[in-house]
Every structure is written in C-alpha cells, then in structure tokens.
Amino acid sequence: MEIKTKKIGKHTLVNLNGRLDITHSDEVEAKLADDVQSGEGDIIINLELISYISSSGIRIFVGMVRELDKQGRKLKLCCITPPVKKVFDVVELLDLFEVFETEQEATASLSK
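Scoring rules and cut-offs
- Residues numbered from 1 in each chain as written.
- Predicted model: local features only at pLDDT ≥ 70, side-chain atom pairs only at ≥ 80, totals over all residues.
- Heavy atoms only, no water.
- Helix = DSSP H or I, 4+ residues; strand = E, 2+ residues; numbered from the N terminus.
- Rg over C-alpha atoms; globule rule 2.2 N^0.38 Å.
- Contact = heavy atoms within 4.5 Å.
- Areas by Shrake-Rupley, 256 points an atom, 1.4 Å probe, with all protein chains shown as cover.
- Lys, Arg positive; Asp, Glu negative; His and termini not counted.
- Charge placed at Lys NZ, Arg CZ, Asp CG, Glu CD.
- Core = buried A, V, L, I, M, F, W, Y, C linked by side-chain atoms within 4.5 Å.
- Buried < 20%, exposed > 50% of the residue type's maximum accessible area, 1.4 Å probe, protein only.
- Expected span 1.5 Å × (residues − 1).
- Pairing = 2+ DSSP bridges.
- Axes fitted to C-alpha atoms, helices over the stretch in contact; angles between N-to-C directions.

K.L.:
Describe the overall build of the chain, and please don't skip the residues or the numbers.
P.N.:
The number of helices and strands found in the chain is four helices and five strands. The order of helices and strands in the chain, counted from the N terminus, is β-β-α-β-α-β-α-β-α. Relative to the compact-globule value of 13 Å for 112 residues, the chain shows a C-alpha radius of gyration of 13 Å, a close match. Taking the principal axes of the C-alpha coordinates as reference, the chain spans close to 35 × 25 × 25 Å. Intrachain contacts of the chain at a sequence separation of at least 6 include 70% that bridge at least 24 residues. Carbon and sulfur atoms make up 50% of the accessible area of the chain, which totals about 6,200 Å². Distance between charge centres in the chain, computed from 15 positive and 19 negative side chains, equals 3 Å.

Here's what the structure looks like:
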C-alpha cells in the first residue's frame, strides 16, 4: 500500500495506491489518524488507484468521518473506481461522504 499526502492550504489530499484490506488497514489507519489529529481543514482521499476495499478499509473512513465531524471538518472522497463503489453501495454508506468524480472537483469544493 502506497500512501502519499499533499497539503492544499490548510487541507490535506491523500492518494492511496493498492488494496485497502485487513493486511494494510492498520498502516493506513495510523497514517490517516495523524492527519485527522494534527491537521486542520478537510481531508480528500483519492481512491483512483485502489483496486479493492474491504470492510476494514470502509471502517477507517467511517471512523474518520465521525472524528472530523467533531472537529467541524469534512472527509471527501474522489475518483472512486467501479469495484470500490460497488462495495460502498453494498454496505449503503456512500451517503455518509462527500463524493466527487474528479480530484479537481474535490479540491474546488474546499473552503479557503
């Protein structure tokens, strides 16, 4: 699993690459927890290069939404591939997130 983060003003863009399953969920959760706890602004997660997501991956995002909401921040997802979208649809949690087709749309939605 490859995790790259980039600051966009006070916001954070996270690009994930690989399979987000039980094997990598602890690593991803630890890295994203740092961004949630120490950052400010919203967090965008680009899922374009995620080939698979398991329930442990979705659990990470649900936890992030809850924690960011307490801080008055948002989690935004973009570039969700069809196989990953299918998993979100099955668990009926996609409405929990702000979802954008492209990274550009997601970054344009950020408040300055």
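K.L.:
Explain the nonpolar core to me, using residue names and the numbers behind them.
P.N.:
Leu16, Ile45, Leu47, Phe61, Met64, Leu75 and Phe88 are the most contacted members of the largest nonpolar core, which has 25 residues in total. At seven residues, helix α2 (residues 55–70) tops the list of elements feeding residues into this core. The contact partners of Leu16, leaving out residues within four places of it in the chain, are Met1, Glu2, Ile3, Val28, Ile45, Asn46, Leu47, Leu49, Ile50 and Phe61. With seven residues, the next largest nonpolar core counts Leu13, Cys79, Phe100 and Leu110 among its residues.

K.L.:
Can you tell me about helix α1 (residues 22–38), naming the residues and giving the values?
P.N.:
In this model, α1 (17 residues) spans 25 Å end to end at C-alpha, consistent with the 24 Å of a helix rising 1.5 Å per residue. For α1, the full list of buried residues reads Ser25, Val28, Leu32, Asp35 and Val36. Close packing links the buried residues of α1 with β1 (2–8), β2 (11–20), β3 (43–53) and α2.

K.L.:
Explain the sheet that holds β2 to me, and be specific about the residues and the numbers.
P.N.:
Strand order in the open sheet formed by five strands is β1-β2-β3-β4-β5, with mixed pairing between adjacent strands. Of all strands in the sheet, those with a lone pairing partner are β1 and β5 (98–100), marking the two edges. Neighbour-to-neighbour, the strand axes of the sheet open up by a mean angle of 25°, direction not taken into account. With three bridges connecting them, strand β4 (residues 75–78) and β5 associate as parallel partners. Bridge pairing links Leu77 to Val99 in β5.

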